[in-house]
Amino acid sequence: MRHPDALRPLALLCALALSVSCASPPAVPTPEEIFEPDPNHDFQAVTGAVRIDALDGRTVCFTTDGSDPAYAEGTCTGGTTAALPEGKVVTVACAPGDLSTHAIVGLRLAFDWPGRSGPTVQTVSGNFALDCTKAPVDADGDGIDDAQDNCPVTANADQADDDHDGIGNVCEANGAPDADRDGRPDTADNCVNVWNVSQGDDDHDGLGNVCDPTPRGPPPLPWDNDVLARAFVTWKDEMKCRLNGCNNPGGTGSWHTDCDGAGTEDWAVTLNGLRAISTFTYRGCAHAVTVDVHDWATDPANTDPAATVPLSLPLVLEGQLVQDTDFNGTGNESGTVTVTGAFTGTIASHVLINSTDRAAGSYFSVACIADPLDQAQCAPNNLFVNYVYPDWACQPGACAAPPPPLKDPDGDGVFDPYDNCPSTANPTQANADFDALGDACDTSTSTADTDQDGVPDDGDNCPVAANPAQQDTDHDGLGDACDPTVDPDTDQDGVIDARDNCPTAANPTQGDADLDGAGDACDPTPNGEPAFSLIKVRLGRCLYDNGGDVRSTSACDPGQPNQRWEVLDVGGGHSAFRNLGTQQCLTAQTWAGVIGMSPCDLGSGAQQWTGERYTTSGFDPNFPMRLHNVAQNYCVYTDGTSDVYATQGNCGLLGTENNRKVGLFPGGDFSALPTQPP
């Protein structure tokens, strides 16, 4: 049965009102165009900076706690809503008390955007991953990080250690049992039977990484927002069929139906100029639908997508959805509804309508805080997740990928990141010489102890000077007992960090060819920053490398490395364009007009471009050229979106010159004329 999402054509046509424009309003930018980096980026840190693009000149409200931004008439008000700062950068951060290795934080935006009937409020969400274990941990609260604490389980700010064995007095008794002989008595050892001097505990559960079957916490449950997405689409279509027999009306009017035992649904169709407006209003409307869910009984590992069982889900909806279409049944649907019943959540519609049906690119944003499935959960922090027509699968970038699984190929029960012999089974992690390798894979397990301080030479940061506590004040790998200076010298090149122009890379001569303060050994541009230009199209957009794909943005900014292009003369009047942010080159990737980024090969015609003088519709010295590819008969082209592409023979096409006219502005200085072609 067909369930259209728009009004069928009425008896009017745009042609009957020639004075009225039927042009469509500009498309709302996609999350990938708005967020930099793209949604689903993993910052691998406790905070991350997200830049907001493509919304210049608008008031943008945002939240980062899962709540909806409060936006009213250009003002951000209420709750945790904040206005986008002048720098257009929002910081996402771990929630207090969150110690997970893969925390998901949702950044939600609200802003106005032109519509057929005037500005409408749009919402866009992007989800980002953080590692909340990166902050220092002080489990016993004594002011000393666990990594440096000689007794991390009992407060001892004085770090007293009378016998200088690296274990604080408060958690040691002479002769105390030490089953794994790692120097940590059993009473202060978070892995009693597995050698682990470091006492690492990533998930902070009191069980050390080397003996914890889930060292980074239990695996995340699969999200079941998708179940609610599929149930809602079924619910919506079934209820719509009650109103007018699964048919769209032929004109204006209103229809009403009672729901299953509670609530009502109304459908009103009105005209607004040459637009048909359908309003669906749900007032506590109850209805049960049946959808397939994963069968955990037959597939407990969740590895078989075909293992499903039907589940009846009673849902109650409150809210309103509005469809705005022309008389060909083309337009969009927007609005938000709240859901109770089997799920508790919120659903926002971003449906595109083409010839009365849902169109490709349509999606619903789904968030929930309560669900009926024991083996799954709602996306944490009330995150919105996008589900795309026609199969309502999770949209890439909006559905966060799970953390990579830990591996234990040698099967000894210790995962590779924590295993001192990752390719050789050594379940006890025995390490007689206290070096980086466990006994099972160490070709030399000598316990020789030249300075007789209790730490074998192989693992001693001062093998010829007694230093049982292994103190290393300047953290340079050389113990204080044998360090000629306790001034930090991280790279051990004989120049202390305070005077070293490359403190982390050995450079005893302190060479600095370009005199920029960064030594040649650590300077990515030892001969000076390469000259760069910004590539700006007359349309008002600049090209940039979006991490492997060339895109365009209206936010031209010479401070962004991925907008900086080094123009390389490859001979014969041809140039190559190397992006300084990614060191990749602008490439004509296929004959059909796909333009992207690839590792630089300056001998390839696909990466060579001619800056041709462009006079079509008049010469413009501010945008004097077009970039014509040497290997393919086409020129760089961008429209009002972020797409950059071409078609065969497009260099001479009339009517779209502004999309191809470019200027190469040295240093990104738009106040001066760009490079002029011959």
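Along each chain, numbering runs from 1 in the same order as the chain's sequence is written. Where totals are concerned, whole chains, interfaces and linings use all residues; where local detail is concerned, this predicted model gives features only for residues with pLDDT of at least 70, and gives and counts side-chain atom pairs only at 80 or more. In computing side-chain values, all of the structure's heavy atoms are included and hydrogens and water are not.

## What to know about the packing of aromatic side chains
- Any two of the Phe, Tyr and Trp rings considered here, Trp counted by its six-membered ring, make a pair once their centres fall within 6.5 Å; the pair's planes then place it as stacked at under 30 degrees, edge-to-face at over 60, or tilted in between. Within the structure shown, the criterion is met by 12 aromatic pairs.
- Aromatic side chains Phe43 and Phe128 sit 6.1 Å apart centroid to centroid with 40° between the ring planes, which places their arrangement in the tilted category. Within this pair, whereas Phe43 is found in the loop between strand S1 (35-36) and strand S2 (47-52), its partner Phe128 is found in strand S9 (residues 120-130), the two being separated by 85 residues in sequence.
- Residues Trp255 and Trp267 carry aromatic rings whose centres are separated by 5.7 Å and whose planes lie at 50° to one another, so their mutual orientation is tilted. Remark: Trp267 occurs in strand S11 (residues 264-272) and Trp255 occurs in strand S10 (residues 253-258); sequence separation between them is 12 residues.
- Residue Trp267 is classed as buried on the basis of its relative accessible area, which comes to 1%.
- Through a chain of ring-to-ring contacts, the aromatic side chains of Phe232, Phe364, Tyr389 and Trp392 assemble into a single cluster.
- When the ring centre of Phe670 is taken as origin, the NZ or CZ atom of Lys536, which lies over that ring, is 4.5 Å away.
- Note on geometry: a ring has a charge over it if NZ (lysine) or CZ (arginine) is within 6 Å of the ring centre and within 35 degrees of the ring normal. The ring of Tyr614 carries the charged tip of Lys661 above its face, separated from the ring centre by 5.9 Å. Put simply, DSSP marks the helices as runs of H or I at least four residues long and the strands as runs of E at least two long, and each gets a number from the N terminus on. Per-residue accessibility, obtained with a 1.4 Å probe over protein chains only, is compared with the maximum for each type, and a residue is labelled buried under 20%, exposed over 50%, and partly exposed between these values.

## Considerations on the environment of Asp42
- Structurally, Asp42 is set in the loop between S1 and S2.
- Classification of Asp42 as partly exposed rests on a relative accessible area of 31%.
- C-alpha of Asp42 to C-alpha of Ala129: the two residues are 87 residues apart in sequence and 4.5 Å apart in space.
- It only takes one pair of heavy atoms within 4.5 Å for two residues to be counted as in contact. In this view, Asp42 contacts His102, Ala129 and Leu130; residues no more than four positions away in its chain are not counted.

## Some words on helix H2 (residues 225-244)
- The end-to-end C-alpha separation of H2 is 30 Å, in line with the 28 Å expected for 20 residues at 1.5 Å each.
- For H2, a buried count of 14 out of 20 residues is recorded, marking the element as mostly surrounded by other parts of the structure.
- With its phi angle positive at about 60°, Gly245 sits one or two positions after the end of H2. For a helix, the expected span equals 1.5 Å multiplied by the residue count minus one.

## Examining the sheet that holds strand S3 (residues 61-63)
- Pairing in this open sheet of 4 strands is antiparallel, and the strands run S6-S3-S8-S9 from one edge to the other. The open sheet has two edge strands with one neighbour each: strand S6 (82-83) and S9.
- Paired strands, as defined in this entry, are two strands with at least two bridges between them according to DSSP. Where strand S8 (residues 103-113) and S9 come together, 11 bridges link them in antiparallel fashion. Note on S9: the bridge partner recorded for Ile104 is Ala129.

## Overview of the side chain of Ser552
- Following the sequence through the fold, Ser552 ends up in strand S22 (residues 550-553).
- Two N or O atoms form a polar contact when they lie within 3.5 Å of each other; inside protein one atom must be a possible hydrogen donor and the other a possible acceptor, and for residues adjacent in sequence the pair counts only when both atoms belong to side chains. At a separation of 2.8 Å, a polar atom in the side chain of Ser552 contacts the side chain of Thr638.
- Dropping the residues within four chain positions of it, Ser552 is found in contact with Arg541, Cys542, Leu543, Tyr544, Thr638, Thr641, Ser642, Asp643 and Val644.

## Observations concerning the pairing of strand S12 (residues 275-294)
- The element S12 is extensively covered by neighbouring structure, given that 15 of its 20 residues are classed as buried.
- Sheet topology places S11 next to S12; 9 bridges connect them, and they run antiparallel. Bridge pairing in S12 links Trp267 to Phe280.
- In this structure, the hairpin formed by S11 and S12 is closed by a connection of 2 residues, where Gly273 is found at a positive phi of approximately 65°.

## Describing the confidence of the model for the protein chain
- Across the protein chain, the average pLDDT comes to 84, with 88% of residues at or above 70.
- As a per-residue quantity, pLDDT reports the predictor's confidence and falls between 0 and 100. Per-residue pLDDT stays below 50 along residues 1-22; that stretch engages in 59 contacts with residues further than four places along the chain or on separate chains.

## Remarks on the sheet that holds S2
- The strand order S1-S2-S7 describes an open sheet built from 3 strands, whose pairing is antiparallel. A single partner strand is all that each edge strand has here, and the edge strands are S1 and strand S7 (89-93).
- Judged from the 2 bridges that link them, S1 and S2 form a sheet pairing that is antiparallel. Looking at S2, one finds that Glu36 is bridged to Arg51.

## A short note on the environment of Val388
- Considering the arrangement of structural elements, one finds Val388 in strand S18 (residues 385-388).
- Along the primary structure Val388 and Ala359 are separated by 29 residues, whereas in three dimensions their C-alpha atoms are 10.0 Å apart.
- Discounting chain neighbours no more than four positions away, the residues touching Val388 are Ser362, Tyr363, Ala393 and Gln395.

## Some words on the state of the cysteines
- In what follows, a disulfide is any cysteine sulfur pair within 2.5 Å. Tallying each qualifying case throughout the model produces 10 disulfides.
- With a sulfur-sulfur separation of 2.1 Å, Cys94 is cross-linked through a disulfide to Cys132. Here the disulfide of Cys94 and Cys132 is left-handed, its torsion about the S-S bond being about -100°. Of this pair, Cys94 sits in the loop between S7 and S8 while Cys132 sits in the loop between S9 and H2, and the two are 38 residues apart along the sequence.
- Relative accessible area serves as the criterion here: at 3%, Cys132 is assigned to the buried category.
- The side chain of Cys421 participates in a disulfide bridge whose partner is Cys441; the two sulfur atoms lie 1.9 Å from each other. The sign of the -90° torsion about the S-S bond sets the Cys421-Cys441 disulfide as left-handed. Of this pair, Cys421 sits in the loop between strand S19 (393-394) and strand S20 (533-537) while Cys441 sits in the loop between S19 and S20, placing them 20 residues apart in sequence.
- Exposure remark for Cys421: the relative accessible area of 1% places this residue in the buried category.
- Accessibility expressed as a relative area gives 26% for Cys441, which makes it partly exposed.

## Section: the side chain of His350
- Its location among the elements puts His350 in strand S15 (residues 344-354).
- With relative accessibility at 14%, the residue His350 sits in the buried group.

## A closer look at the nonpolar core
- Take the buried residues of types Ala, Val, Leu, Ile, Met, Phe, Trp, Tyr and Cys, join any two whose side-chain atoms come within 4.5 Å, and each joined set is a nonpolar core. Membership of the largest hydrophobic core comes to 44 residues, with the highest contact counts inside it found for Leu315 and Phe343.
- With 9 residues, the single largest contributor to this core is H2.
- When neighbours within four sequence positions are excluded, Leu315 is seen to be in contact with Leu228, Ala231, Phe232, Trp235, Cys285, Ala286, His287, Val339, Thr340, Ala342 and Phe343.

## Looking at the pattern of salt bridges
- Here, a salt bridge means any Lys or Arg side-chain nitrogen found within 4 Å of an Asp or Glu carboxyl oxygen. The tally for this structure, following the rule as stated, stands at 14 salt bridges.
- Its salt-bridge partner being Asp557, residue Arg51 comes within 4.0 Å of it at the nearest N-O pair. On the criterion of sequence distance, the pair formed by Arg51 in strand S2 and Asp557 in the loop between S22 and strand S23 (565-571) is long-range, its members being 506 residues apart.
- Asp237 is paired through a salt bridge with Arg358; the nearest N and O atoms lie 2.9 Å apart. With Asp237 in helix H2 and Arg358 in strand S16 (residues 357-358), this pair connects stretches of sequence that are 121 residues apart.
- For Asp237, a relative accessible area of 9% translates into the label buried.
- Salt bridges sharing partners connect three or more residues here, namely Arg51, Asp53 and Asp557.

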